[in-house]
Amino acid sequence: MAQIGITVNGTHHRHDVEPRLLLVHYLRDVLGLTGTHVGCDTSQCGACTVHLDGEAVKACNVLAVQADGSDVTTIEGLAPASGLHPLQEGFWQEHGLQCGFCTPGMIMAAADLLKSNANPSEGEIRHGLEGNLCRCTGYHNIVKAVQYAAAKMSAGASVPALSSAEHPAVATTAR
Ligand code: FES
Ligand code: FES
C-alpha cells in the first residue's frame, strides 16, 4: 500500500491505496464520485476525463499514486454552488446528450478546451473533443453545446440559470 494525499473538488483526502489503483477507480470507488465514468479502461473513450492540476486527463490512464499531491476537479466540482456551469447549461439547452454516459467526460474536456480557446470554431471543437467518444448523438449537438457555453462565457455570464437538480445527466451523472 502507498499513502497518497489528493485534493479533489477542494477537499483534501488522504488514503492508503494499492499502487496499481487507477485514479478513476479511486475517484469512483474510494471517494464515491461516480460522475466520472468508465467506458473502456483503455484510454479510448474519454468518459473518465477529469482535470488534474488544471489539465484534462483520462483518469483511467493515471494511477492514483501519480496524482499524489495534486488537485483534481471532477464533474461534481465543476459547477458553482448555485447552479450549472455554462457547459452543463449548454448541453441542456442544445440537447447535447442522449444516454448521458459520455457527457461528464465531454464537459470536462470541453472546459479544458475553452480555457485555451475561448471562441473555438466548429472544427476546433471537433478536434478538441476527438478523444471523447459518443455512441448516441452524432456529435452535432455536442458542438452546439460547446458553442453555447463559449458564447455565454464570452458574454461574462457567471450565474447559471438552471439548477443541477433539474437535469442530473448534465450535472453529476451517476452510473
Ligand atoms: Fe478512460 Fe475510456 S474509461 S478513456
Ligand atoms: Fe450516449 Fe454520448 S450521449 S454516449
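In short, a report on the structure. (Residues numbered from 1 in each chain as written. Chains lettered and ligands numbered in written order. Predicted model: local features only at pLDDT ≥ 70, side-chain atom pairs only at ≥ 80, totals over all residues. Heavy atoms only, no water.)

Quick look at the nonpolar core now. Note on soluble globular proteins: their nonpolar side chains tend to be buried together. Counting 23 residues, the largest nonpolar core has Leu 87, Phe 91, Met 106, Leu 129 and Val 146 as the members making the most contacts within it. Listing elements by their share of this core, those giving two or more residues are helix 2 (86-93), helix 3 (103-116) and helix 5 (140-154). Ranked by residues supplied to this core, first place goes to helix 3 with eight residues. If we ignore the near neighbours within four places in the chain, the residues touching Leu 129 are Met 106, Ala 109, Ala 110, Ile 142 and Val 146. (Core = buried A, V, L, I, M, F, W, Y, C linked by side-chain atoms within 4.5 Å. Buried < 20%, exposed > 50% of the residue type's maximum accessible area, 1.4 Å probe, protein only. Helix = DSSP H or I, 4+ residues; strand = E, 2+ residues; numbered from the N terminus. Contact = heavy atoms within 4.5 Å.)

A side chain with one charge may pair with a side chain of the opposite charge, provided their charged atoms come close. With the rule as written, the count across this model stands at four salt bridges. Ionic pairing is found between Glu 122 and Arg 126, a salt bridge with its closest N-O pair at 3.0 Å. Here Glu 122 and its partner Arg 126 are both found in helix 4 (residues 122-128), four residues apart, which amounts to about one turn of the helix. Residue classification places Glu 122 among the partly exposed residues on the basis of a relative accessible area of 40%. (Salt bridge = Lys/Arg side-chain N within 4 Å of Asp/Glu carboxyl O.)

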